[in-house]
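Here are the chains, one letter per residue:
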Amino acid sequence: MRLLVTGGAGYIGSVVSRLLLAEGHDVTVLDDLSTGHADAVADGAEFVQADIADAGVVLARQSYDGVVHFAAKSLVGQSVVDPSLYWRTNVGGTRELLDAVTAHGVPRFVFSSTAAVYGEPEELPIRETAPARPTNPYGASKLAVDMMLGGEATAHGLAAVSLRYFNVGGASRGAGERHAMETHLIPIALDAAAGVRPALDIYGTDWPTPDGTCIRDYVHVEDLARAHLLALNAAQPSQHLICNLGNGGGFSVREVVETIREVTGLAVPVNESSRRPGDPATLVASHELAADALGWTPTADLSRIVADAWDFHRSRRTTQTSVS
Ligand code: UFG
């Protein structure tokens, strides 16, 4: 297939691009490099530096079999302080992209949605039928796109799949997590273990969980990438499929810290700090539907996720040291 990957210079987009190319697909990456890195774009992909609102120019040049849409603002905390950025980029930008998809007759669309659409769940594990009540503008903006995709499938016959990621970690084929403004637990805790930061702040120890810290479902970026390939193949015209992607098991912040200590052999200095606005207490996925509809099952456990993230972290520090 010829595929347009928006956000292909970012963490997950760069891993998925590598897998698509390895499987013989043609990939064009569209990324404005606002948070991505040009050197993360997969070798063998064509690269266009542009905003998603300008995707029509690319889609007009040749016919595409699908769009895999990662480009987005994706930080829960930032979305609480700057909601407008999230509505403009994630909703307004995606609306423009979808209009271009329709105008140029692109048949398939796979979208990076998120567990953040569910808010504080009533039942665990979370199924796709659970009520979507996001507790922050990031989740709300992603839910708005999920809802738009239903309309595109009905009105224009789009074969659409929303993949609702839980907490993604690990690295693959030399691509991993490296945000200029890092907010995610695993890379920050690895920095603390390596002495790059003084300590990890644990955001809240008074949550209604067994050890008082938030529980999340961590899934390996390689497992996640495979789901995109399966989704491109499973997508059906006029249907909008929504699937959760998680491991089906939860780990508290303290348990993640302990796993990092075991995997790295290093202590992780921590500060017990106050809750972060917008965080739900517990998010754990049911991936039953992903198994039934896509034939997807996750393979990597938390130790592997941490081990691969740690290898990536060390390789970057070695490169940075030898360059400086
Ligand atoms: N945390 C800390 N200290 C930190 C960073 C995180 O205690 O320095 C805690 C958070 O409060 C949360 C957990 O670690 O309880 C995980 O936080 P992340 O920032 O790593 O991930 P989030 O759960 O906030 O969000 C991620 C993605 C979202 C996605 C969500 C779904 O960034 O896009 O997972 O679970 F929606």
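Every value quoted in this text rests on a predicted model; they were computed, and no experiment measured them.

Structural notes on the confidence of the model for the protein
- Counting all residues, the mean pLDDT for the protein is 96, and 98% of those residues have values of 70 or more.
- Of all the helices and strands in the protein, helix H10 (residues 302–323) carries the lowest mean pLDDT, 84, while strand S6 (residues 159–165) carries the highest, 99.

Describing the site of the ligand
- Around the ligand sit 21 residues, and of these Thr114, Asn167, His184, Asp201 and Asp279 come closest.
- At a separation of 2.5 Å, an oxygen atom of the ligand approaches a polar side-chain atom of Asn167.
- In the model, an oxygen atom of the ligand is placed 2.8 Å from a nitrogen or oxygen of the Arg216 side chain.
- For the ligand, whose unbound accessible area comes to 680 Å², protein coverage reaches 93%.
- Within the residue set of the shell around the ligand, elements represented by two or more residues are helix H6 (185–194) and strand S8 (200–203).
- When its residues are assigned to classes, the shell around the ligand shows 12 nonpolar, five polar and four charged.
- Here the shell around the ligand spans two domains, since at least three of its residues come from each of domain 1 (2–168 + 219–245) and domain 2 (185–216 + 249–285 + 295–316).

A short note on H6
- Burial analysis of H6 places nine of its 10 residues in the buried class, which makes it a mostly covered element.
- Along H6, the positions that sit buried rather than exposed are Leu185, Ile186, Pro187, Ile188, Ala189, Leu190, Asp191, Ala192 and Ala193.
- Of the residues flanking the end of H6, it is Gly195, one or two places downstream, whose phi is positive at about 80°.

With respect to the environment of Glu177
- By secondary structure assignment, the location of Glu177 is in the loop between strand S7 (167–169) and H6.
- Spatially, the C-alpha atoms of Glu177 and Pro187 are 7.3 Å apart, while their sequence positions differ by 10 residues.
- Setting aside chain neighbours within four positions, we find Glu177 in contact with Tyr11, Val168, Glu182, His184, Pro187 and Phe312.

Quick notes on the rules
Residues numbered from 1 in each chain as written. Predicted model: local features only at pLDDT ≥ 70, side-chain atom pairs only at ≥ 80, totals over all residues. Heavy atoms only, no water. pLDDT = per-residue confidence, 0-100. Helix = DSSP H or I, 4+ residues; strand = E, 2+ residues; numbered from the N terminus. Near = heavy atom within 4 Å. Polar contact = N/O pair within 3.5 Å; in protein donor to acceptor, adjacent residues only side chain to side chain. Areas by Shrake-Rupley, 256 points an atom, 1.4 Å probe, with all protein chains shown as cover. Nonpolar A, V, L, I, M, F, W, Y, C, P; charged D, E, K, R; others polar. Domains from an automatic or database assignment. Buried < 20%, exposed > 50% of the residue type's maximum accessible area, 1.4 Å probe, protein only. Contact = heavy atoms within 4.5 Å.

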